[in-house]
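Chain by chain, the residues:
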Amino acid sequence: MAILLVYILSFVLAATAAGLLRRGRMRRADFSSLKTVTFGDESAIRPDRIASIASVVVIFLLWGAFTGSKLVPLHVPGPFAGETSFVYQAETGDGAVSDGRVRITVGPDGQLPATEADAPGEVAVAVQSGRDKLIPLPGEARVVSVNGTGITPGGTVPVADGTVSMTAKGTLSFAAEKGLQMEPIWLPSPEAVVGRFIEIMTNGYQNYSLWEHIGASLLRVLTGFALGAAVGIPLGYAMGLSGWFRGWFDPIVEFMRPVPPLALIPLVIIWFGIWETGKVVLLFLAALWVMTIAARAGVSGVKISKIHAAYSLGASKWQILRHVIVPNSLPEIFTGARVAMGVCWGTVVAAELVAAQMGAGMMIIAASKFQLTDIVMMGIILIGLIGFGIDMLMRQAETRLVPWKGRS
């Protein structure tokens, strides 16, 4: 919750600062600036590169601040480390009350010094940062108060740098202040993730190099996407051009479209096994329905005036398909291809859940079993960067191959 609040505040402050900086600068002199109405006009909206850079910087700063990274200058309060103490009062069976003191040393695991009591009636314990620890008190007396505040089984008393609670059996337990920083098992620091990336890039992981893992995932995704496009695009054209094809396949397509690929894993394993064929088939099904709908929508979106104009000029059905329908449907198909590739790349992790020897998703699954969060984060970042790169390449291909997109 704290990270979310800081992120929202950073967004507001960055937007305000960017607006103030631009207020004194020269106004844009492009086509969008000449429009009289821009609110609600999607064509007048262009990505603000300053906002993009600020977004990435803010995410990195928040990541470093909440993990205690040395790469960022500011950090949120971390877990308490050092020495603290509290006093307690214990009552014996005959009603006598005795005082005692607990001296606590809090530090990272593996760096806790040996603790010894300095005075009679004192108890010295060492506690790992961010952890709780039961305090062994001498004698059989029953603790009735901590720092002058009464305590009963199940109760908690705040003390300096932490809290003291009493278990149901009357034993005291000390918990040091955890602060706002995340533990490495929940969120590792940026340098830990980079260090793990260098290590795996150098030595590999699970008997395969990093590039073999990434290459295996890319090969599965590209194969499944290519098969899905090879079947889905002709099927979509047929559904857009023939009422019989539309009526026959429409129930199948509309039934399978909302079914997530993850739900098909058990059936795919039963039908095609746990090896490469099953993984490719799962990715094929993930891309098939998206490409079919995109091609069908592309055919349906062709303006009828263009069809009439082509017929009036004496064009045949094949010429209309080749010179009118296909060029006008390509923008929709490219949009569907980008969506399908994103779905396939996101599904590859699920496809590699079962019996995968290598792959980016396999790395994440294997690391999660041993709570190696730095490898999990590294795999997630790699998958995100590769997916972003694939989408950028497809955008460039669309720009070069379909330059008429958005034009009448």
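Above: the structure in question.
Residues numbered from 1 in each chain as written. Predicted model: local features only at pLDDT ≥ 70, side-chain atom pairs only at ≥ 80, totals over all residues. Heavy atoms only, no water.

Enquirer: Before we go on, may I ask you to explain the side chain of Thr373 in this structure?
Expert: Structurally, Thr373 is set in helix α11 (residues 373–401). A relative accessible area of 15% means that Thr373 is categorised as buried. When neighbours within four sequence positions are excluded, Thr373 is seen to be in contact with Pro184, Ile185, Trp186 and Pro188. (Helix = DSSP H or I, 4+ residues; strand = E, 2+ residues; numbered from the N terminus. Buried < 20%, exposed > 50% of the residue type's maximum accessible area, 1.4 Å probe, protein only. Contact = heavy atoms within 4.5 Å.)

Enquirer: Mind showing me how you'd approach the packing of helix α5 (residues 243–256) against helix α7 (residues 276–300) here?
Expert: When two helices pack together, their arrangement is given by the angle between their axes and by how far apart the axes lie. The contact between α5 and α7 brings their axes to 10 Å, and the two run at 130°. What the angle tells us is that α5 and α7 run oblique. For α5 against α7, the interelement crossing comes out left-handed. In this structure, α5 uses Arg246, Asp250, Ile252, Val253, Glu254 and Met256 to contact α7, whose residues at the interface are Trp289, Thr292, Ile293, Arg296 and Ser300. Along the lines of polarity and charge, the residues of the contact of α5 with α7 split into five nonpolar, two polar and four charged. (Axes fitted to C-alpha atoms, helices over the stretch in contact; angles between N-to-C directions. Parallel < 35°, antiparallel > 145°, perpendicular 65-115°, else oblique. Left-handed = near helix turned anticlockwise from the far one by under 90°. Nonpolar A, V, L, I, M, F, W, Y, C, P; charged D, E, K, R; others polar.)

Enquirer: Looking at this model, I keep getting lost on the pairing of strand β9 (residues 172–176). Mind explaining?
Expert: Looking along a regular strand, one sees side chains alternate from face to face of the sheet. With five of its five residues buried, β9 lies for the most part within the structure. Side-chain alternation along β9 places Leu172, Phe174 and Ala176 on one buried face and Ser173 and Ala175 on a second face that is also buried. Where strand β4 (residues 132–135) and β9 come together, four bridges link them in antiparallel fashion. Across the sheet, Lys133 pairs through a bridge with Phe174, a residue of β9. Bridge analysis of strand β8 (residues 162–166) against β9 gives five bridges, and the strand direction is antiparallel. Residue Thr163 lies in a different strand from β9, and its bridge partner there is Ala175. (Pairing = 2+ DSSP bridges.)

Enquirer: For this particular structure, what's the right way to read the nonpolar core?
Expert: Side chains of nonpolar character tend, in soluble globular proteins, to be buried together. Membership of the largest hydrophobic core comes to 46 residues, with the highest contact counts inside it found for Phe225 and Met378. Counting only elements with at least two residues in this core, the list comes to α3 (190–203), α4 (210–241), α7, α8 (304–312), α9 (317–351), α10 (360–369) and α11. Per element, the largest residue contribution to this core is ten residues, and it comes from α9. Discounting chain neighbours no more than four positions away, the residues touching Phe225 are Ala287, Met291, Ala337, Ala340, Met341, Cys344 and Met394. Formed by 21 residues, the second largest nonpolar core is a distinct cluster that contains Val125, Val146, Val159 and Leu172. (Core = buried A, V, L, I, M, F, W, Y, C linked by side-chain atoms within 4.5 Å.)

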